[in-house]
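A look at the structure
Each chain, letter by letter, is given below.
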Amino acid sequence: MLDPEQLTFAQWFWIVFVMILIVVFLCRCIDLNVEPELLMITPTHLTP
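Description of the structure in this document. Everything numeric in this text was worked out from a predicted model, so none of it was measured.

**Re the overall build of the protein chain**
Looking only at helices and strands, the protein chain features two helices and zero strands. Taking all 48 residues of the protein chain together, the buried fraction comes to 2%. When the accessible surface of the protein chain is totalled, it reaches about 5,000 Å², and 74% of it is carbon and sulfur.

**As for the packing of aromatic side chains**
The relation between two aromatic rings is expressed through the spacing of the ring centres and the mutual angle of the planes. One pass over the full model with this rule turns up three aromatic pairs. Relative to W14, the ring of F13 lies with its centre 5.4 Å away and its plane at 75°, an arrangement referred to as edge-to-face. Looking at F13, the relative accessible area reads 43%, which means it is partly exposed. Residue classification places W14 among the exposed residues on the basis of a relative accessible area of 51%. Where F13 meets F17, the ring centres are 5.8 Å apart and the plane angle is 10°; that geometry is what we call stacked. Separated by four residues within a single helix, F13 and F17 lie in helix α1 (residues 9-33), roughly one turn from each other. Judged by relative accessible area, F17 falls into the partly exposed class, the value being 37%. One aromatic cluster is present, formed by F13, W14 and F17 through successive ring pairs.

**Section: the environment of W12**
Checked against the element boundaries, W12 lands in helix α1. Those residues within four positions of W12 in sequence are excluded, and the remaining contacts are P4 and L7.

Calculation rules
Residues numbered from 1 in each chain as written. Predicted model: local features only at pLDDT ≥ 70, side-chain atom pairs only at ≥ 80, totals over all residues. Heavy atoms only, no water. Helix = DSSP H or I, 4+ residues; strand = E, 2+ residues; numbered from the N terminus. Buried < 20%, exposed > 50% of the residue type's maximum accessible area, 1.4 Å probe, protein only. Areas by Shrake-Rupley, 256 points an atom, 1.4 Å probe, with all protein chains shown as cover. Phe/Tyr/Trp six-rings, centres within 6.5 Å; stacked < 30°, edge-to-face > 60°. Contact = heavy atoms within 4.5 Å.

Quick look at the structure:
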């Protein structure tokens, strides 16, 4: 396992960078798979 106390700044940078890329990629996949109607909240639904 990686020892956090022995990692250099460059190693920390790449670990965090890869984690951010994974999160962005997952959010993109979820966003593309969800129907647009579920994401859009229009004022017409809130007013009679």
